[in-house]
Amino acid sequence: MVNLVICGWCMAMSNIKTGDILNFDYTGTVQTVTLPKGTYKLECWGAQGGYSSSNSGIEVGMGGRLDATNISDTPVLSVITDVALDHMDYLGNTISEISSEKAGIIKPSCPTVFGGNNPEALNVIQTAANKLSSSLLLTKRENAEIISSGLKGSVFNYNEYTNLKIKLAGLYQPGNAAVAIDSIKILNKSGFNISKNSIYNGLAVTEWTGRFEIFSDNPPIIYDGSHNPQGMTATVNSIKEYFSGMKVNLIMGVMADKDYKKMVNIISPYINQVYTVTPNNQRALNGAELSDLFKKNNVNSEYQTDISKAVSSAVSFSNKSNTPLIILGTLYMYNDIKKSIISCIQ
């Protein structure tokens, strides 16, 4: 069995000789992923197991060094997409400390791809790669030249690849795709045979649950799982690009161990009306406290004790005002939100 260890870019490759590229949906504890050679039952690695296939893409749950996924001793590639100040209670309080944990997936004489541009992170990851004789390829996200981008996806160029198409919304997705392309480049040098056409076709069909996912078009209802300041900044950039300076409505719930005050400060200038909720998780921040923070930023805010009622109120208000509705702050409330959205728009 050959394992492909991936940190961050939620992609799996199976039957790799034909270059088929699919992505995992990990919103639940048990997933069934249809692959070209059959159907495999995938259980969360962080809980109790794994799955069998000839080639596997495994996303690290948190960090890397001590993560339950870091059990493979025969990976062909390690990918660290980026480093941000997140999960600081477990991974450390600085970019260097967190980078050191993420660098734990780097293996001896196994190539590594890094998709970040933070010099502090790069220094740690480069040092770890050198110690383990791992060749390091740095993805230059800025080389992902966006030709057009909207709620239906993006068209972009990356190095020798022109007019690449993805149906993922979000200005940050071409950069993520660039990391995947560089990863395939390394795999091909390692003996795999993933064709250029397979890259184009794979990117064109890739879906990513909960990442600027469009639930409805009119008005736009979008779920984006941004849950830290870096992710919130990326979301704001997409809001500004797609809605031409228009303020949007918001449903937001967060975990109490996140830097939610900074997140609120980042998103507040672009919000018309916010409905705050308390996600169904023991780590969740009480939505009333979150609402108070928005009010201090002079944003109209309403705390709803029930997520379904928050969705109903937000969808109704967005329909009447013809205003886009964005839902963000955590992935932990994704399923509750989606069920409520479906009930509202049917």
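What you see is a predicted model, and the numbers here were worked out from it, not measured in a lab.

(A) The overall build of the protein chain, seen in detail. When helices and strands are counted, the protein chain shows 10 helices and 18 strands. By the burial criterion, 53% of the 346 residues in the protein chain qualify as buried. In the protein chain, once contacts between residues fewer than 6 apart in sequence are set aside, the share between residues at least 24 apart is 67%.

(B) Molecular detail of the environment of asparagine 322. Among the secondary structure elements, asparagine 322 is positioned in the loop between helix 9 (307–321) and strand 18 (325–328). When sequence neighbours within four positions are dropped, the list of residues in contact with asparagine 322 reads Asn218, Pro219 and Met246.

(C) Layout of helix 9. In this model helix 9 runs 21 Å from its N-terminal to its C-terminal C-alpha over 15 residues, within 8% of the 21 Å that 1.5 Å per residue would give. Where helix 9 is concerned, the buried positions are Ile307, Ala310, Val311, Ala314, Val315 and Ser318. One side of helix 9 holds all its buried residues, which, seen down the axis, span an arc of 120 degrees. Along helix 9, exposed side chains directed more than 90 degrees from the buried face belong to Lys309 and Lys320. Against the buried residues of helix 9 lie strand 14 (220–224), strand 15 (248–252), strand 16 (271–276), strand 18 and helix 10 (334–345). The first or second residue beyond helix 9 is asparagine 322, which carries a positive phi of 50 degrees.

(D) Examining the packing of aromatic side chains more closely. The final tally for this structure, using the stated rule, is five aromatic pairs. Ring pairing ties together the aromatic residues Phe215, Tyr223 and Tyr334, which thus form one cluster. The aromatic ring of tyrosine 161 is capped on one face by lysine 196, whose charged end is 5.2 Å from the ring centroid.

(E) Molecular detail of the packing of helix 9 against helix 10. Put simply, helix 9 and helix 10 touch, their axes get as near as 9 Å, and they point 45 degrees apart. Here helix 9 is positioned oblique relative to helix 10, judged by the angle of their axes. As for the relative orientation of helix 9 and helix 10, their crossing is right-handed in sense. On helix 10, the residues that touch Ile307, Ser308, Val311, Ser312 and Val315 of helix 9 are Asp336, Ile337, Ser340, Ile341 and Cys344. In terms of residue class, the contact of helix 9 with helix 10 is made up of six nonpolar, three polar and one charged.

(F) Region of the structure containing the nonpolar core. Ranked by size, the top nonpolar core spans 26 residues in total, and within it Leu250, Met252, Ile267, Phe294 and Ile326 carry the most contacts. Only helix 6 (229–242), strand 15, helix 7 (260–267), strand 16, helix 8 (287–296) and strand 18 provide two or more residues apiece to this core. Ranked by residue count, the leading element in this core is helix 7, at five residues. Every residue in contact with isoleucine 326, bar those within four places of it in the chain, is listed here: Ile222, Ile239, Phe243, Val248, Asn249, Leu250 and Ile251.

Calculation notes
- Residues numbered from 1 in each chain as written.
- Predicted model: local features only at pLDDT ≥ 70, side-chain atom pairs only at ≥ 80, totals over all residues.
- Heavy atoms only, no water.
- Helix = DSSP H or I, 4+ residues; strand = E, 2+ residues; numbered from the N terminus.
- Buried < 20%, exposed > 50% of the residue type's maximum accessible area, 1.4 Å probe, protein only.
- Contact = heavy atoms within 4.5 Å.
- Expected span 1.5 Å × (residues − 1).
- Arc of directions from axis to C-beta.
- Phe/Tyr/Trp six-rings, centres within 6.5 Å; stacked < 30°, edge-to-face > 60°.
- Lys NZ or Arg CZ within 6 Å of the ring centre and 35° of its normal.
- Axes fitted to C-alpha atoms, helices over the stretch in contact; angles between N-to-C directions.
- Parallel < 35°, antiparallel > 145°, perpendicular 65-115°, else oblique.
- Left-handed = near helix turned anticlockwise from the far one by under 90°.
- Nonpolar A, V, L, I, M, F, W, Y, C, P; charged D, E, K, R; others polar.
- Core = buried A, V, L, I, M, F, W, Y, C linked by side-chain atoms within 4.5 Å.

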